[in-house]
Amino acid sequence: MASSSESGDSNMDREMILADFQACTGIDNIAEAITLLELNNWDLVAAINGVIPQENGILQSEASQASMYGPPSQSEAADAAAGGAVPPTSSSSSSSSPPSSSTSAFCPSNSSSRHIVERQPRMLNFRVEYRQRTVELVLEEGSTVGEIKQILETELGVPVSKMQLKGWKSGDVSDSTVMRSLHLPKNNSLYVLTPDIAPTASTSKNSALQESLNQNFLLVISHREAQRDYSLNFPGSRTIQEVKRNVSDLTNIPVRHQQWEGWPASATDDSMTLAVSGISYPCHHLSVCRRSSPANSQEPTEECADVHMVSDSEGDDFEDASEFGVDDSEMFGMGSSTCRKSPMMPENSENEADALLHFTAEFSSRYGETHPMFYIGTLEAASQEAFYGKARDRKLLAIYLHNDDSVLSNVFCSQMMCADSIVSYLSQNFITWAWDVTKEVNKARLLTMCTRHFGSVVTQTIRTYKTDQFPLLLIVMGKRTSNEVLNVIQGNTTVDELMMRLMGAMEIFTAQQQEDIKDEDEREARETVKREQDEAYRLSLEADRKKREAQEREEAEQVRLEQMRKEQEEEKEAIRLSLEQALPPEPDEDSGEQISKLRIRTPSGEFLERRFLGSCKLQVLFDFVASKGYPFEEFKLLTTFPRRNITQLEPGSTLLEAKLFPQETLFLEAKE
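Residues numbered from 1 in each chain as written. Predicted model: local features only at pLDDT ≥ 70, side-chain atom pairs only at ≥ 80, totals over all residues. Heavy atoms only, no water.

**Looking at the overall build of the protein**
Here comes step 1: Scanning the protein for helices and strands turns up 17 helices and 17 strands.
Here comes step 2: For the protein, the share of sequence-separated contacts (at least 6 apart) that also reach a separation of at least 24 residues comes to 66%.
Here comes step 3: Accessible surface, the protein as shown: approximately 37,600 Å² in total, 49% of it carbon and sulfur. (Helix = DSSP H or I, 4+ residues; strand = E, 2+ residues; numbered from the N terminus. Contact = heavy atoms within 4.5 Å. Areas by Shrake-Rupley, 256 points an atom, 1.4 Å probe, with all protein chains shown as cover.)

What follows is the structure, given as structure tokens:
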């Protein structure tokens, strides 16, 4: 009992150390993190210093500079080379003492003497094919998909708006997606589609290539030693190298030891995609076997006497163990049996999509093609599709957890998971996501994913089940605040009981979905009313604005006209005053000169009277009339009888000449 308690505490301590190690180093790959910790006997300080050396500035302080590690021993250097970790070194010749394993030494401090230097960014290689061109790119993992498209726009001359970048293992991604979130391998193959750009005469041959990239190729691969065939579907954008890696997971033959038959002569480079490799469509037959070592066979056997493709693109930097008479399975402690069961999920998958592709292929190989449609993608993507769409489109999430160490696994998979009724019901009502927890590394990775996406409740639920209770089928329902585990179905069940529990979960989900649909409809109705009100208010504001602007224009026009009228009146008044001042003085009646007395009736009925010298010019008479407000341009001066228009006479003639002497009555009339 005490032993069991100590084992549980040890597991909890290791999980805490694993979490602290990932937080300090930024290593997201759980398998890699566990490997580095095991190399250092789960010593957190030593593992972190091995990944991020002190000479890079990690956690240096004035107090700790006196106790640096000494030079690494040969055994330490060998361990570091095997695990990818580099022990910390120092030029100090003093003896080294191991630092404390307290995790507090790696927490951020307010002290200015400690600082953390970021790790070098991970670089990703991309091989992008477009029609007859191939572009090689190297970008940081923190770059976005849009940045790749911008570079391709410069290289290919294709606008980003008309470019479709395909070949992502997780499906189509947006331009804002950060590549780190896709968990991509170091080497990637993509291709560009431009459906809006018609191919020219020089690129007409590439239409067939683009079509091939979108096609799925069925590869029937025969494993000669195990006498077993694998039927694998691959998109045309998949490279030969990626096919060989997948086959390595299925057959446990490392890529560098694979010897192939059936590849066409044109398939000379492992980086080529299946679409351009020359294989037959829709089905192509291949065979693979383990390459014989020189020590065991001096000449090729008759079985492999045809065209061979020996895979040596990986592992060139490592010595071939078979050359020394050591089998791979013996070197890694896996025994010499070639009939052992292939794992459902490898430990070294770089991302969840690859792991699930392998899981689906192995599941089909073991139990047949009739099985639930497993979601290929991350757990986060499966949750998004199940929980966060329109209320009418939401589904339950079924998480299938497989464990080969449980005696119930084969029966549950073959009898329950592959039953037609179960397959049909899951396909219609659930998003089914699967994971293999046989390996502790994969189980730890699953627990980390569940904690990140669902919280600690789901994680603790999985922890409580023992190996012999697997496999498990978790039914998860998305709610507004948190996700809820509706049911956990263990492996010791029947088809009828499994169907009843699925239907029970579906009944709970349907009730919740109806409420969500009602709330969503009410919310959309409120938003529609609000949009209509906002639009009506906007139109009202627009009408008020136009009315106000028209009124302002009208007022401005009135002000302008009034100003013009005022200016004109002022101008007329100024002219009138100047004419009045320029008039000669009125002569006296007894002056002894010839005097002409004129009486002028205005349009208003008033009379203007004045004496003029008979020698005065008619212009003086016109100026006098204008000085009284009747300008020559607007009025005409007429005699009564006979009727004459005086304004038509020469202004320079005298009153005597105009016969306006000794007196005359005139009247003013407005010109037409």
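**Overview of helix α7 (residues 240-251)**
Here comes step 1: Along its 12 residues, α7 runs 16 Å from first to last C-alpha, staying within 8% of the 16 Å computed at 1.5 Å per residue.
Here comes step 2: For α7, the tally of buried residues reaches 10 of 12 residues, placing the bulk of the element in the interior.
Here comes step 3: Buried within α7 are the following residues: I240, Q241, E242, V243, K244, V247, S248, D249, L250 and T251.
Here comes step 4: Directly after α7, the chain includes N252, whose backbone phi takes a positive value near 60°. (Expected span 1.5 Å × (residues − 1). Buried < 20%, exposed > 50% of the residue type's maximum accessible area, 1.4 Å probe, protein only.)

**Here we look at the layout of surface pockets**
Here comes step 1: Considered as a void within the structure, the second largest pocket measures approximately 1,100 Å³ in volume.
Here comes step 2: Looking at the second largest pocket, it is lined by 39 residues, and the ones nearest its centre are N233, F234, P235, R238 and L357.
Here comes step 3: Elements with a contribution of two residues or more to the lining of the second largest pocket: β4 (187-193), α6 (206-214), β6 (228-235), α7 and α10 (352-367).
Here comes step 4: A per-class count over the lining of the second largest pocket returns 15 nonpolar, 16 polar and eight charged. (1 Å grid on protein atoms, 1.4 Å probe; cavity = no way out; pocket = protein on both sides within 12 Å on 5 of 7 lines; lining within 4 Å. Points joined across faces, edges and corners; volume = space filled by probe spheres on them. Nonpolar A, V, L, I, M, F, W, Y, C, P; charged D, E, K, R; others polar.)

**Section: the side chain of D436**
Here comes step 1: Along the chain, D436 turns up in strand β11 (residues 430-436).
Here comes step 2: Here D436 occupies a buried position and makes no salt bridge, while the nearest side chain of opposite charge, R366, is found at 6.6 Å.
Here comes step 3: Separated by 3.5 Å, the side chain of D436 and the backbone nitrogen of M345 make a polar contact.
Here comes step 4: Of the polar contacts made by the side chain of D436, one reaches the side chain of T438; its length is 2.6 Å.
Here comes step 5: When residues no more than four places from it in sequence are discounted, the contact partners of D436 are M344, M345, F359, H402, N403, D404 and N442. (Lys, Arg positive; Asp, Glu negative; His and termini not counted. Salt bridge = Lys/Arg side-chain N within 4 Å of Asp/Glu carboxyl O. Polar contact = N/O pair within 3.5 Å; in protein donor to acceptor, adjacent residues only side chain to side chain.)

**Here we look at empty space enclosed by the protein**
Which parts of space are left empty comes out when a probe the size of a water molecule is rolled across the atoms.
Here comes step 1: Under the defined criterion, the tally for this structure stands at three cavities of 30 Å³ or more.
Here comes step 2: Its boundaries defined by the atoms lining it, the largest cavity holds a volume of some 50 Å³.
Here comes step 3: Along the walls of the largest cavity sit F622, V625, Y630, P631, F632, F635, L637, T647 and L668, which together make up its complete lining.
Here comes step 4: Broken down by secondary-structure element, the contributors of at least two residues to the lining of the largest cavity are α17 (618-627) and β16 (635-639).
Here comes step 5: Here the residues of the lining of the largest cavity sort into eight nonpolar, one polar and no charged.

**Some details on the sheet that holds strand β13 (residues 483-489)**
Here comes step 1: Read from one edge to the other, the open sheet built from four strands follows the order β11-β10-β12-β13, with strand pairing classed as mixed. With partners counted over all chains shown, the strands left at the sheet margins are β11 and β13, one partner each. On average, adjacent strands in this sheet sit at an angle of 25° to one another, irrespective of strand direction.
Here comes step 2: Judged from the seven bridges that link them, strand β10 (residues 396-402) and β11 form a sheet pairing that is parallel. Bridge pairing in β11 places L396 opposite F430. (Pairing = 2+ DSSP bridges. Axes fitted to C-alpha atoms, helices over the stretch in contact; angles between N-to-C directions.)

**Observations concerning the nonpolar core**
Here comes step 1: Residues F363, L397, W433, W435 and L502 are the most contacted members of the largest nonpolar core, which totals 58 residues.
Here comes step 2: Ignoring anything within four residues of it in the chain, the contact list for L502 reads I422, Y425, L426, F430, L473, I475 and I489.
Here comes step 3: Within the second largest apolar cluster, 21 residues are counted, among which are F612, L618, F635 and L655. (Core = buried A, V, L, I, M, F, W, Y, C linked by side-chain atoms within 4.5 Å.)

**Examining the confidence of the model for the protein**
Here comes step 1: Across the protein, the average pLDDT comes to 77, with 78% of residues at 70 or higher.
Here comes step 2: Residue range residues 294-340 is modelled with pLDDT below 50. Its contacts to residues more than four positions away, or to other chains, number 63 contacts. (pLDDT = per-residue confidence, 0-100.)

**A few points about the environment of A31**
Here comes step 1: Mapped onto the elements of the fold, A31 is located in helix α2 (residues 30-39).
Here comes step 2: Sequence spacing of A31 and N348 is 317 residues, and the spatial spacing of their C-alpha atoms is 6.9 Å.
Here comes step 3: The residues touching A31, leaving out its near neighbours within four places in the chain, are E347 and V441.

**With respect to the packing of aromatic side chains**
The relative placement of two aromatic rings is captured by the distance of their centres and the angle of their planes.
Here comes step 1: Summed over the entire model, instances satisfying the criterion amount to 16 aromatic pairs.
Here comes step 2: For the ring pair F217 and Y281, a centre distance of 5.3 Å and an interplane angle of 80° mean the geometry is edge-to-face. With a gap of 64 residues between them, F217 in strand β5 (residues 216-223) and Y281 in the loop between α8 (274-277) and β8 (283-290) connect regions that are remote in the sequence.
Here comes step 3: You can call F217 buried: its relative accessible area is 3%.
Here comes step 4: Clustering of aromatic rings is evident, with ring pairs tying together F359, F363, Y367, F374, Y400 and F412. (Phe/Tyr/Trp six-rings, centres within 6.5 Å; stacked < 30°, edge-to-face > 60°.)

**Focus: the pattern of salt bridges**
Note on pairing: side chains with opposite charge can pair once their charged atoms come close.
Here comes step 1: In this structure the tally under the stated criterion is 30 salt bridges.
Here comes step 2: Across the salt bridge formed by R538 and E535, the nearest N and O atoms sit 2.6 Å from each other. Placement of the pair is R538 and E535 together in helix α16 (residues 495-582), with a separation of three residues, close to one helical turn.

**Quick word on the packing of α2 against helix α14 (residues 440-454)**
Here comes step 1: Where α2 meets α14, the axes come as close as 9 Å, and the angle between the chain directions of the two elements is 125°. Compared by their axis directions, α2 and α14 come out oblique. Crossing geometry of α2 relative to α14 is assigned as right-handed. Counted together, I30, A31 and I34 of α2 and V441, A444, R445 and T448 of α14 form the full contact between these two elements.
Here comes step 2: Split by residue class, the contact of α2 with α14 holds five nonpolar, one polar and one charged. (Parallel < 35°, antiparallel > 145°, perpendicular 65-115°, else oblique. Left-handed = near helix turned anticlockwise from the far one by under 90°.)

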